[in-house]
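So the chains spell out like this:
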2 protein chains.
Amino acid sequence: MEMIAKIHTDLPTKFGLPRQSGLVEELEGLVVFEPKYREPEALRGIEGFSHLWLIWEFSEAKRDSWSPTVRPPRLGGNKRMGVFATRSPFRPNPIGLSCVKLLGVEKTADQGLALRVGGADLMDGTPILDIKPYLPLADCRPEATGGFAAEKAGYSVKVDFPAELLEKVPESKRTALKALLAQDPRPAYQNDPERVYGFGYAGLEVRFRVSGDRLEVVEIEET
Amino acid sequence: MEMIAKIHTDLPTKFGLPRQSGLVEELEGLVVFEPKYREPEALRGIEGFSHLWLIWEFSEAKRDSWSPTVRPPRLGGNKRMGVFATRSPFRPNPIGLSCVKLLGVEKTADQGLALRVGGADLMDGTPILDIKPYLPLADCRPEATGGFAAEKAGYSVKVDFPAELLEKVPESKRTALKALLAQDPRPAYQNDPERVYGFGYAGLEVRFRVSGDRLEVVEIEET
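Quick caveat, the model's predicted, so the values are computed rather than measured. (Residues numbered from 1 in each chain as written. Chains lettered and ligands numbered in written order. Predicted model: local features only at pLDDT ≥ 70, side-chain atom pairs only at ≥ 80, totals over all residues. Heavy atoms only, no water.)

Residues and elements named next belong to chain A. Pairing within the open sheet is mixed, and its 4 strands lie in the order E9-E12-E11-E10. The sheet terminates laterally at strand E9 (158-160) and strand E10 (197-201), the two strands that pair on one side only. Within the sheet, the average angular offset between the axes of one strand and its neighbour, ignoring direction, is 30°. Bridge count for E9 against strand E12 (residues 214-222) is 3 bridges, and the pairing is parallel. Bridge pairing in E12 places Asp160 opposite Glu216. With respect to the sheet, helix H4 (residues 174-182) is in contact with E9, E10, strand E11 (204-211) and E12, its orientation differing from that of E10 by roughly 145°. (Pairing = 2+ DSSP bridges. Helix = DSSP H or I, 4+ residues; strand = E, 2+ residues; numbered from the N terminus. Axes fitted to C-alpha atoms, helices over the stretch in contact; angles between N-to-C directions. Contact = heavy atoms within 4.5 Å.)

Pasting the structure below:
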């Protein structure tokens, strides 16, 4: 397997990432091809599709051994599920699968054509192994039902973002940040209202606290 | 990347395969884990999901070089599209992606737990690299639109299957075979009504002819 491209996103670490693709569609990423695959012809016809699959490598989650069970954060981190019943990064082959919106094909100054996508749940710099069109006929299964993952689908928190802190965020980055925060980036339902969490976003460090269903941004700092 | 399982299906070769997963849901397959991954715990909770993703290897379509364009059979085989705008097997990394229905977890006599699935578009013996639950929230995108692949979605032919030939097919294999044939397995819209095509299915060789929108089965032979 060979890296064919890398995605550039505003999230430098795992903390803060949306928990699945498509949850925060405002979050944009740019897929830049490796020199060998910088061939405009390889993208011919791609703009006919509204959505794409990214198949990528959990490059930061590699382990030498495998465990048959994992503890999904969405179940509170205290319940073990079979690894093949989860989308956990800790699996025999470190392959990730994400459905993103294709926003456009962009001409870059020196990296050839790149794909602008929305809704990726990928860290900045994640290696991409394949890109496939989303085929509604084969991939969209409205009859599908989704075990434990579905139960938590509607969960979100109210975001309290003081105006003076919001001003420190570039305007084009605000909507996505608010949507990210509304997903509650805390790990595994930790519940200490005094604790301050932080994550990197678009060159900033974003710090917040959560009490009940309210998330309050307490600091925005340049990094 | 390591093979974690193999799928057993009734189709020994590429010819005759459905063109995407889910098109022929009656087609059943059995995913049998490699000895190292025969761990019942790894499947805990999987029955809560109606559909799964299989990520697999195009083991019969490996090439040393890559081509930026391919000719999708559904476009008649005479129009070139960018490889990343297609689901062609001939791509930089030989990774396939299929959505299948989970019919059940089965206890085998000597190969541990196996997954019974419906609608796979995979050859018998295809190596599986990963299995993930289908998460409706992230994976089902009813708003997605699908370029050239969508245009051909409704295409099928009427199947004329003489009773004396149908009798040669085990009863449990008939429905799926008829559904497979209705998809018109001919390559690239070849259009010679005299030509007889054949493919292997469940230990049989199935031979047919197509004229206009009618497919006629002309022979069923044990192989």
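Within the secondary structure, Leu17 of chain B sits in the loop between strand E1 (5-8) and strand E2 (28-33). Once you skip the residues sitting within four places of it in the chain, Leu17 of chain B turns out to touch Leu11, Asp121, Leu122 and Met123 of chain B.

Before going further, it helps to spend a moment on the UniProt feature "domain: TsaA-like" (unreviewed entry) in chain A. UniProt records the feature "domain: TsaA-like" (unreviewed entry) for residues 1-143 of chain A in the present numbering. Note that residues 1-143 of chain A is 3% helix and 34% strand, and that its end C-alpha atoms are spaced 33 Å apart. (UniProt positions renumbered as here; feature names shortened; annotations may be inferred.)

With that out of the way, let us pick up the environment of Glu167 of chain A. Mapped onto the elements, Glu167 of chain A comes out in the loop between helix H3 (163-166) and H4. Note: C-alpha distance between Glu167 of chain A and Phe15 of chain A (152 residues apart in sequence) is 23 Å.

Residue and element names in this part refer to chain B. Reading around the circumference, E1-E2-E7-E6-E3-E8 is the order of the 6 strands in this closed barrel, with antiparallel pairing throughout. Taken pair by pair, the neighbouring strands of this sheet meet at an average axis angle of 45°, ignoring direction. In the sheet, E1 pairs with E2 via 4 bridges, with the strands oriented antiparallel. Following the sheet pairing, His8 is matched in E2 by Leu30.

This brings us to the interface of chain B and chain A. Each partner contributes to the interface: chain B provides 65 residues, whereas chain A provides 65 residues. For the pair chain B and chain A, the summed buried area comes to about 6000 Å², and 65% of that belongs to carbon and sulfur atoms. Sorting the residues of chain B by area buried against chain A places Met1, Phe84 and Arg141 of chain B first, and these three jointly supply 13% of that buried surface. Inspection of the chain B/chain A interface yields 6 salt bridges. Listing elements by their share of the side of chain B that touches chain A, those giving two or more residues are strand E3 (51-57), strand E5 (81-82), strand E6 (95-107), strand E8 (126-133), helix H1 (136-139) and helix H2 (147-151) of chain B. Residues belonging to the side of chain B that touches chain A are distributed by class as follows: 36 nonpolar, 15 polar and 14 charged. (Buried area = accessible area lost by both parts, 1.4 Å probe. Salt bridge = Lys/Arg side-chain N within 4 Å of Asp/Glu carboxyl O. Nonpolar A, V, L, I, M, F, W, Y, C, P; charged D, E, K, R; others polar.)

Now for the state of the cysteines. Following the criterion strictly, the structure yields 0 disulfides over all chains and no others. Looking at the unpaired Cys99 of chain B, the closest cysteine sulfur is the one in Cys140 of chain B, lying at 9.2 Å. Given the relative accessible area of 0%, Cys99 of chain B is considered buried. Between Cys140 of chain B, a cysteine without a disulfide, and Cys140 of chain A, which holds the nearest cysteine sulfur, the sulfur-to-sulfur distance is 3.4 Å. Exposure remark for Cys140 of chain B: the relative accessible area of 13% places this residue in the buried category. (Disulfide = S-S within 2.5 Å. Buried < 20%, exposed > 50% of the residue type's maximum accessible area, 1.4 Å probe, protein only.)

This part covers the domain arrangement of chain A. Residue and element names in this part refer to chain A. What the domain assignment reports for chain A is domain 1 (5-59 + 94-139) and domain 2 (158-222). Centre-to-centre separation of domain 1 and domain 2, based on C-alpha positions: 25 Å. Residue-level contacts link 11 residues of domain 1 with 17 residues of domain 2. Of the roughly 1200 Å² buried at the junction of domain 1 and domain 2 (both faces included), carbon and sulfur atoms supply 63%. Ranking the residues of domain 1 by area buried against domain 2 places Asp10, Phe15 and Arg19 at the top, with a combined share of 49%. Across the contact surface, domain 1 and domain 2 share 5 residue pairs in polar contact (both at pLDDT 80 or more). Classifying every residue of the side of domain 1 that touches domain 2 gives 7 nonpolar, 1 polar and 3 charged. (Domains from an automatic or database assignment. Polar contact = N/O pair within 3.5 Å; in protein donor to acceptor, adjacent residues only side chain to side chain.)

This part takes up unusual backbone geometry. Phi is positive for Asp184 of chain A, which is not a glycine, with a value near 65°. Within the element layout of this structure, Asp184 of chain A appears in the loop between H4 and E10.

Looking now at the pattern of salt bridges. All names here are of chain B. By the definition in use, this model includes 32 salt bridges over all chains. For Asp213, the salt bridge identified is with Lys158, shortest N-O distance 3.1 Å. In this pair, Asp213 is assigned in the loop between strand E11 (204-211) and strand E12 (214-222) and Lys158 in strand E9 (residues 158-160), connecting sequence segments 55 residues apart. With relative accessibility at 46%, the residue Lys158 sits in the partly exposed group.

Rotating chain B by 180° and translating it 0.0 Å along the rotation axis places it on chain A, where the RMSD comes to 0.0 Å. The two molecules are tied by a two-fold rotation axis, judged by turn and shift. Closest approach to the rotation axis among the C-alpha atoms of chain B is made by Cys140 of chain B, whose C-alpha sits 2.3 Å away. Of all interface residues in chain B, 100% are interface residues in chain A too; the two copies therefore contact each other through one and the same surface. (Least-squares fit on C-alpha atoms with pLDDT ≥ 70 in both.)

For the coordinates displayed, the defined rule picks out 19 aromatic pairs over all chains. Between the aromatic rings of Trp66 of chain A and Tyr37 of chain B, the centroid separation amounts to 4.7 Å while the plane-to-plane angle is 65°, which identifies the pairing as edge-to-face. Here the residue Trp66 of chain A occupies a position in the loop between strand E3 (51-57) and strand E4 (69-70), and Tyr37 of chain B occupies one in the loop between E2 and E3, the pair thus bridging two chains. Judged by relative accessible area, which is 3%, Tyr37 of chain B ranks as buried. Both rings, one in Tyr197 of chain A and one in Phe208 of chain A, keep their centres 5.7 Å apart while their planes meet at 25°; by these two values the pair is stacked. Of this pair, Tyr197 of chain A sits in strand E10 while Phe208 of chain A sits in strand E11, placing them 11 residues apart in sequence. With respect to burial, Tyr197 of chain A and Phe208 of chain A carry one shared label: buried. (Phe/Tyr/Trp six-rings, centres within 6.5 Å; stacked < 30°, edge-to-face > 60°.)

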